[in-house]
Amino acid sequence: TLIGSGGVDRLEGDDANLVYNGSFEIGAIGTGSITTGWIRTGATTDGAHNDANRATEGTNLYAFGGWSASAGGTISQTINTVAGTTYTLSFDLTRSWGDASVGQLQAMVLDGTTALVNQTATIHFNGRQTYTYTFTATSNATTLQFTDRSLFPAGMDLDFDNVRVYAVTGGNDT
């Protein structure tokens, strides 16, 4: 897939996705679970969930905030990068059931404690959207960190799926 319309282009598929298990298809599923390749912190995350109707890639997804009274659960993964190389981070976010409140997911890309990306993705009830952020690596190890910042009550899920990072390749459109 060619992604670009001026400036630097990226051919998705030219390089491998640097995120391991970005669709949460490998490993345990269920409340409080964490799938292979990810680290979970905080007590408020629901865990990996199997539901092909809610997943955007494969049949599994990661459901933040389910059945907990507050937000704040985090999952993270450290990926191999090359300093000076530009990358795109993309992921899908869905709010498919529950009340009409807004879901919020903080997406951070970290080199140690330095944030290369620090954005909050917002998704409305019945919303499904792909979010994409660009960053330039400053070392050979970069951490992706996602934290539930939603303000909705217990029992509502923020569905997170299809996490991917690709190096930006190609030239300029002229």
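Parameters and conventions
Residues numbered from 1 in each chain as written. Predicted model: local features only at pLDDT ≥ 70, side-chain atom pairs only at ≥ 80, totals over all residues. Heavy atoms only, no water. Phe/Tyr/Trp six-rings, centres within 6.5 Å; stacked < 30°, edge-to-face > 60°. Helix = DSSP H or I, 4+ residues; strand = E, 2+ residues; numbered from the N terminus. Buried < 20%, exposed > 50% of the residue type's maximum accessible area, 1.4 Å probe, protein only. Salt bridge = Lys/Arg side-chain N within 4 Å of Asp/Glu carboxyl O. Pairing = 2+ DSSP bridges. Axes fitted to C-alpha atoms, helices over the stretch in contact; angles between N-to-C directions. Polar contact = N/O pair within 3.5 Å; in protein donor to acceptor, adjacent residues only side chain to side chain. Core = buried A, V, L, I, M, F, W, Y, C linked by side-chain atoms within 4.5 Å. Contact = heavy atoms within 4.5 Å.

## What about the packing of aromatic side chains?
- In this structure the tally under the stated criterion is 12 aromatic pairs.
- Ring centres 5.6 Å apart and planes at 40 degrees place the aromatic pair Phe24 and Tyr62 in the tilted group. Taken together, the positions of Phe24 in the loop between strand S3 (10-11) and strand S4 (39-41) and Tyr62 in strand S6 (residues 60-64) put the pair 38 residues apart, joining distant regions of the chain. Side by side, Phe24 and Tyr62 carry an identical accessibility label, which is buried.
- For the pair Phe91 and Phe146, a centre-to-centre distance of 5.4 Å together with 75 degrees between the ring planes defines the contact as edge-to-face. You can see Phe91 sitting in strand S8 (residues 86-95) and its partner Phe146 sitting in strand S12 (residues 141-148), a full 55 residues away along the chain.

## What about the pattern of salt bridges?
- Going through the model one piece at a time under the given rule, you end up with two salt bridges.
- Salt-bridge contacts for Asp159 lead to Arg54; the nearest nitrogen and oxygen are separated by 2.7 Å. Here Arg54 lies in the loop between strand S5 (47-50) and S6 and Asp159 lies in strand S13 (residues 158-167), a separation of 105 residues in the sequence. The pair Asp159 / Arg54 is uniform in exposure class, with both members buried.

## Topic: the sheet that holds strand S11 (residues 127-136)
- Reading across the sheet, the five strands line up as S5-S6-S13-S8-S11 and stay open at both edges, with antiparallel pairing between neighbours. Sheet topology places S5 and S11 at the edges, where each strand pairs with a single neighbour. Put simply, the sheet's adjacent strands are angled 35 degrees from each other on average, direction ignored.
- Sheet topology note: the S8/S13 ladder contains seven bridges and is antiparallel. Of the residues in S13, the one forming a bridge with Thr88 is Tyr166.

## Description of unusual backbone geometry
- Residues other than glycine seldom take positive phi values, yet Asn21 does so here, at roughly 60 degrees.
- When you line up the elements, Asn21 lands in the loop between S3 and S4.
- For Asn21, a relative accessible area of 10% translates into the label buried.
- Backbone geometry places Asn162, a non-glycine residue, at a positive phi of 55 degrees.
- Note that Asn162 resides in strand S13.
- With a relative accessible area of 14%, Asn162 lands in the buried category.

## Considerations on the side chain of Gln106
- Note on placement: Gln106 falls in strand S9 (residues 103-111).
- One polar contact links Gln106 to Asn118, side chain to side chain, over a distance of 2.9 Å.
- One polar contact links Gln106 to Arg149, side chain to side chain, over a distance of 2.9 Å.

## Some points on the sheet that holds S12
- On the basis of which strands lie adjacent, the open sheet formed by five strands has the order S4-S7-S12-S9-S10 and antiparallel pairing. The strands lining the two open edges of the sheet, one partner per strand, are S4 and strand S10 (114-123). Each neighbouring strand pair of the sheet contributes to a mean axis angle of 20 degrees, computed without reference to strand direction.
- In this sheet, strand S7 (residues 74-80) lies alongside S4 in antiparallel orientation, the contact comprising three bridges. Residue pairing across strands places Thr41 opposite Thr74, the latter belonging to S7.

## With respect to the nonpolar core
- Grouped together as the largest cluster of nonpolar side chains are 29 residues, with contacts concentrated most on Leu89, Phe91, Phe146, Phe160 and Val163.
- For this core, the secondary structure elements donating two or more residues are S6, S7, S8, S9, S10, S11, S12 and S13.
- Broken down by element, this core gets its largest block of residues, five residues, from S13.
- When sequence neighbours within four positions are dropped, the list of residues in contact with Leu89 reads Val109, Tyr131, Thr132, Tyr133, Phe135, Leu144, Phe146, Val163, Arg164 and Val165.

No statement about biological role is implied by the geometric values presented.
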